[in-house]
Amino acid sequence: KRGDVDAIIVHDKAREDQFIAEGYGLNRRNFGFNFFLIAGPESDPAGITGLSAAEAYQKIYDEGMQGNVKFVSRGDDSGTHAKEKLIWKEAGFNYEDIQKSGQWYVEAGKGMGPCLLMANEMQSYILADISTFLAYSAKSDLKIVPIVEQDALFLNVYAAMAINPEKYP
């Protein structure tokens, strides 16, 4: 929105549509996709195996509020963070309430890789894109594992769009 670039690559459809509606972007084109997953300790202390993303978030919340588990959030307003907020909403929660709900919910304010390492160290749950998860699994000693991988909400579409030259010549 500051006019610093000529094109952007993003993965948050709602904000992409808003960006175009406000006249900043043009010619949005999907060019790829991957999926999200919820990873966590192999022992799955919240018991989310086999659940939908929303059901898993409900269980993680319940167990987190009891002090049994933690959840690491990117907390950085990225596309992944936007997807996390959407899943909390689908699970019936107001995201601002989640943010204030206690020490079980950790907003890291970092990129996906550092957050995966943090979740690994804390043996917590995390929403991650599968590509970054696999890359970090291959090059580091991740002890967290994919637990919930099947949900329509996990589709992660990447798009590119040009910045409107009428707004920023």
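Residues numbered from 1 in each chain as written. Predicted model: local features only at pLDDT ≥ 70, side-chain atom pairs only at ≥ 80, totals over all residues. Heavy atoms only, no water.

Asker: Tell me what's going on with the pairing of strand β5 (residues 125-129), and back it up with residues and numbers.
Answerer: Burial analysis of β5 places five of its five residues in the buried class, the great majority of the element. Residues of β5 alternate between two faces, with Tyr125, Leu127 and Asp129 on one and Ile126 and Ala128 on the opposite face, all of them buried. Of the strand pairs in this sheet, strand β2 (residues 25-41) and β5 are connected by four bridges, and their pairing is antiparallel. Residue pairing across strands places Leu37 opposite Ala128, the latter belonging to β5. Alignment of strand β3 (residues 71-73) against β5, held across two bridges, turns out to be parallel. If you follow Phe71 over to β5, its bridge partner there is Tyr125. (Buried < 20%, exposed > 50% of the residue type's maximum accessible area, 1.4 Å probe, protein only. Helix = DSSP H or I, 4+ residues; strand = E, 2+ residues; numbered from the N terminus. Pairing = 2+ DSSP bridges.)

Asker: Hey, could you go over the pattern of salt bridges for me, with residue numbers and the actual values?
Answerer: Applying the stated rule across the entire model yields nine salt bridges. For Lys1, the salt bridge identified is with Glu22, shortest N-O distance 2.9 Å. Linking Lys1 in the segment before β1 (7-10) with Glu22 in the loop between α1 (13-21) and β2, this pair joins segments that are 21 residues apart in sequence. You can call Lys1 exposed: its relative accessible area is 53%. One salt-bridge network, in which partners are shared between bridges, spans Asp12, Arg15, Asp77 and Lys85. (Salt bridge = Lys/Arg side-chain N within 4 Å of Asp/Glu carboxyl O.)

Asker: Describe in detail a nonpolar patch on the surface, supporting the description with residues and values.
Answerer: A contiguous nonpolar patch, built from Phe33, Phe35 and Leu155 and spanning about 300 Å² of accessible area, is present on the exposed surface. Within the secondary structure layout, Phe35 lies in strand β2. (Patch = residues over 30% accessible without salt bridge, like charges linked within 9 Å, V, L, I, M, F, W, Y side chains within 5 Å. Areas by Shrake-Rupley, 256 points an atom, 1.4 Å probe, with all protein chains shown as cover.)

Asker: Tell me about the packing of helix α2 (residues 53-65) against helix α3 (residues 79-90), and please be specific about residues and values.
Answerer: It is the contact of α2 with α3, at a shortest axis distance of 8 Å, that shows an interaxial angle of 85°. Taken together, α2 and α3 sit at an angle that is classed as roughly perpendicular. For the pair formed by α2 and α3, the contact residues are Ala53, Ala54, Tyr57 and Tyr61 on the first element and Glu84, Ile87, Trp88 and Glu90 on the second. Here the contact of α2 with α3 is composed, by residue class, of six nonpolar, no polar and two charged. (Axes fitted to C-alpha atoms, helices over the stretch in contact; angles between N-to-C directions. Parallel < 35°, antiparallel > 145°, perpendicular 65-115°, else oblique. Contact = heavy atoms within 4.5 Å. Nonpolar A, V, L, I, M, F, W, Y, C, P; charged D, E, K, R; others polar.)

Asker: Describe in detail the pairing of β2, supporting the description with residues and values.
Answerer: Where β2 and strand β7 (residues 155-163) come together, eight bridges link them in antiparallel fashion. Each residue of the ladder has a partner; that of Phe33, found in β7, is Val157. The pairing of β2 with strand β6 (residues 144-148) spans four bridges and is antiparallel. Looking at the pairing, Ile38 lines up with Val148 of β6.

Asker: Describe the side chain of Asn34, naming the residues involved and giving the relevant values.
Answerer: Mapped onto the elements of the fold, Asn34 is located in strand β2. Within the structure, Asn34 has its side chain in polar contact with the side chain of Ser131 (distance 2.9 Å). Discounting residues that sit within four places of it in the chain, Asn34 has contacts with Asp129, Ile130, Ser131, Phe154, Leu155, Asn156 and Tyr158. (Polar contact = N/O pair within 3.5 Å; in protein donor to acceptor, adjacent residues only side chain to side chain.)

Asker: Please provide a residue-by-residue account of unusual backbone geometry, values included.
Answerer: Backbone geometry at Asp44 places phi at a positive 50°, although glycine is not the residue there. Within the element layout of this structure, Asp44 appears in the loop between β2 and α2. Although it is not a glycine, Asp77 adopts a positive phi angle of roughly 65°. Tracing the backbone shows Asp77 in the loop between β3 and α3. A relative accessible area of 46% places Asp77 in the partly exposed class.

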